[in-house]
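# Structure at a glance
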Amino acid sequence: MEEITHFINGAHVKGTSGRFTEVFNPATGEVQAKVPLATVEEMNDAIAKAAEAQIKWAATNPQRRARVMMKFGALINENMDKLAELVSREHGKTLPDARGDVQRGLEVVEVCMGAPHMLKGEYTDDGGPGIDLYSMRQPLGVVAGITPFNFPAMIPLWKMAPALAAGNAMILKPSERCPSTSLLLAELIMEAGLPEGVLQVVNGDKEAVDAILDNETIQAVGFVGSTPIAQYIYGRAAANGKRAQCFGGAKNHMIIMPDADMDKAADALVGAGFGAAGERCMAISVAVPVGQEAADALIEKLVPRIDKLKVGPYTAGDDVDYGPVITKAAQDRIMGLITSGAEQGATLVRDGRDFSLQGYENGFFVGPTLFDNVTPDMDIYKEEIFGPVLSQVRTDSYEDALKLTMDNPYGNGTAIYTADGDTARDFAHRVNVGMVGINFPIPVPLSYFTFGGWKKSAFGDLNQYGPDAFRFYTKTKTVTARWFSGIKEGGEFNFKAMD
Ligand code: NAD
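Below you will find a few notes about this structure. Please read all numbers here as calculations on a predicted model, not as lab measurements.

A word on the pattern of salt bridges. Across all of its chains, the model carries 27 salt bridges by this definition. With its nearest N and O atoms 3.3 Å apart, the salt bridge here joins aspartate 97 to arginine 280. Taken together, the residues aspartate 97 in helix H4 (residues 95-112) and arginine 280 in the loop between helix H10 (262-274) and strand S14 (284-289) connect sequence positions 183 residues apart. In this structure, aspartate 97 and arginine 280 share a single accessibility class: buried. Between aspartate 332 and lysine 328 there is a salt bridge, with its nearest N and O atoms 2.8 Å apart. Taken together, the residues span about one helical turn, with aspartate 332 and lysine 328 both in helix H12 (residues 328-343) at a distance of 4 residues. Judged by its relative accessible area of 45%, lysine 328 is partly exposed.

Quick look at the structure:
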C-alpha cells in the first residue's frame, strides 16, 4: 500500500511515529494509502528547521520572493491536470470541480506576485520639526496553516502563498483525509525557487496540531475547518500568545423573493446545494422562499432538476454532477440526519438514502435530498450537514426571511434572489453574514478582495487572502526619526537647509 510522507527541508521524509491513518478512495470505499501521523518531536523538529530557514528567506527582498510566486503560478498551471487528479482521487469530487479547486488557489498565488506592493509601509514627511515617521511590515517568523479536507488545493494555497510571500516560513498541516495535494504543491514551490525548509508539510492529527499550538516558535495559526475545532484552536493558540484566525463551519441561507426569476433561482440552488456533494463551506443548504406561491413554484422547479443530477465517481466523465462524500462516517452521519428530518416532521421530497451505483456499492455516495417545510427547531436545520441535502424553510415575509438568516449562529455566506434593487440593497446592508450574493449563489470573493465569515463561522481577526492576509502574516513597526540638521534654533523647520 502507498505510504504517504511528510515534506521536510525540501525532501519527502517517512514518518517515524509508527502511527498512520487510512486514506480512502471515497468512490469505492477502499483504502488506497496510509498517511503518517507526526509526533510532537517530529513536529518540533520541523518547526526548528523552518525557523533556521526563515532568517535568510526574510532577508530575501520582496521582489525576489514575488518571482518565486510567479514561477510557482506557472508550475501550477502546467501541472493543473495532475493536481486536479490528485484532488479527485482522495476527495472524490469531479475533475472540473477539482480544477476549480486548484484555480481558486492559483488566483491567490497570482495576487501574491504583487507582494512588494502589499508589503509597502507608510511615510509621513515632517510630522514635527525635522521629524519623519515611517512604518514597515515585517514577517512574523514561523507560522502554521491547518487545513480541512474539502478543498485540498485551494485552502493550502490560501494559507501558504501570502505567508511565504510576506517572508515567513510555514508549517502546513493538511487534512489527513486528503494529504497528497499539499505534498505536490510543496514540490512545485521548491522547483519555483523556494529555499529548503521554508515550507514544511507535516501530516498528522490532533497530536500534531496541539504540538503546533504549544510550540513557542510558532507566531501565528491560520486554521480552516469545522466550528468546534476552530473555536478550540483559537482558544489554545491565543492562550499561548499566538495570533490566530480560525474559520469554521456554515449554514448558508438563500432568500428567494416572489419577484425572483424562479428558473434561475432553481438552477442556482441545485448547483450551490448539491455541487461537490454539498461539501463546501459556501454551499447553500437552506432555501428560504418568501410566500407560499414562491415556495410551491420552487419545489416544482427543483424536483425535475434534482432528478436529472448524475452522481458517480470522478472517473465516469465530466458530465458527473457530484461524487461521494469523504468517509463512511460522513455518509452515515448524513443518512442519520436525513432520517431525523423525516422523523421530526419535515416533508422528504427527494430521499438520497436509497442511492446505489452498480460497481460502487461500497462507495460513500448519498443521493440528492430535498426537504420542504423544515422548521428551525429540527436537527437538519440546526446542524451543518455538509452533504447533498437542501432544506426549504417557508417564510411569509422578507423580514421573516431576513430574521431567520440573522438568527442562525453561522454567518459565512448568504444570497438573495430578487428583481428589486431596494430589497437587494437592504439585505446586503443589514444581514450579519460575511459574504453576500445578489442573484449570485456562491459569493466567494475574488482573490484581491478577502474571504471570511461572521458569527460562529470565524474566530479571530482579519480575513483570508487579499490585503488582510498580508496584514495577518506581518507585524507593523513604526519608526519616528529626527535629524537635527533640518531644525533651526527655536524648533522651526529650516527651509534653507534644503537648498
Ligand atoms: P475538521 O475540523 O474536522 O478538520 C480540520 C483540520 O483540523 C484538519 O487538519 C484536522 O486534522 C484538524 N483536526 C480535526 N480534529 C482536531 C482536533 N480534535 N484537534 C486538533 N485538530 C483537529 O474539518 P473538516 O471535516 O476537514 O472540514 C470540513 C469543515 O470545514 C466544515 O465544517 C466546513 O464548513 C469547514 N470549512 C470552512 C471554511 C471557511 O472558510 N469558513 C472553508 C472550508 C471548510
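The backbone of asparagine 373 sits at a positive phi, close to 55°, despite the residue not being glycine. By the secondary structure assignment, asparagine 373 is in the loop between strand S16 (369-372) and helix H13 (379-382). Residue classification places asparagine 373 among the partly exposed positions, given a relative accessible area of 36%. One non-glycine residue, tyrosine 465, lies in positive phi territory at about 50°. Position of tyrosine 465 relative to the elements: it lies in the loop between strand S22 (458-460) and helix H16 (466-472). A residue is classified by how much of its surface remains accessible, and tyrosine 465, at 2% relative accessible area, is buried.

Next up on the list: the site of the ligand. Surveying the vicinity of the ligand reveals 28 residues, the closest of which are Thr147, Lys173, Glu176, Ser226 and Glu384. Take glutamate 176: an N or O atom from its side chain is 2.6 Å from an oxygen atom of the ligand. One of the side-chain N or O atoms of serine 226 is found 2.6 Å from an oxygen atom in the ligand. For the shell around the ligand, the secondary-structure elements that each account for two or more residues are helix H8 (206-214), strand S11 (218-224) and helix H9 (227-239). When its residues are assigned to classes, the shell around the ligand shows 15 nonpolar, 9 polar and 4 charged. Each of domain 1 (2-248 + 457-480) and domain 2 (252-438) accounts for three or more of the residues forming the shell around the ligand.

This part covers the side chain of threonine 28. Examined against the element boundaries, threonine 28 turns out to sit in the loop between strand S4 (20-25) and strand S5 (30-36). Here the side chain of threonine 28 touches glutamate 30 through a polar contact of 3.2 Å, landing on its backbone nitrogen. Setting aside chain neighbours within four positions, we find threonine 28 in contact with Tyr360, Asn362 and Gly363.

The full count for this structure, using the stated rule, is 10 aromatic pairs. Between the aromatic rings of tryptophan 158 and tyrosine 465, the centroid separation amounts to 4.7 Å while the plane-to-plane angle is 70°, which identifies the pairing as edge-to-face. With tryptophan 158 in helix H6 (residues 154-165) and tyrosine 465 in the loop between S22 and H16, the pair connects residues that are 307 residues apart, well separated along the chain. Residue classification places tryptophan 158 among the buried residues on the basis of a relative accessible area of 4%. Relative to phenylalanine 449, the ring of tyrosine 448 has its centre 5.6 Å away and its plane inclined at 40°; by these criteria the two rings are tilted. Pair check on accessibility: tyrosine 448 and phenylalanine 449 agree, each one exposed. Put simply, the rings of Trp158, Phe451 and Tyr465 pair up and form one aromatic cluster. Its end group placed over the ring of phenylalanine 20, lysine 34 keeps NZ or CZ at 4.1 Å from the ring centre.

Thresholds applied
- Residues numbered from 1 in each chain as written.
- Predicted model: local features only at pLDDT ≥ 70, side-chain atom pairs only at ≥ 80, totals over all residues.
- Heavy atoms only, no water.
- Salt bridge = Lys/Arg side-chain N within 4 Å of Asp/Glu carboxyl O.
- Helix = DSSP H or I, 4+ residues; strand = E, 2+ residues; numbered from the N terminus.
- Buried < 20%, exposed > 50% of the residue type's maximum accessible area, 1.4 Å probe, protein only.
- Near = heavy atom within 4 Å.
- Polar contact = N/O pair within 3.5 Å; in protein donor to acceptor, adjacent residues only side chain to side chain.
- Nonpolar A, V, L, I, M, F, W, Y, C, P; charged D, E, K, R; others polar.
- Domains from an automatic or database assignment.
- Contact = heavy atoms within 4.5 Å.
- Phe/Tyr/Trp six-rings, centres within 6.5 Å; stacked < 30°, edge-to-face > 60°.
- Lys NZ or Arg CZ within 6 Å of the ring centre and 35° of its normal.

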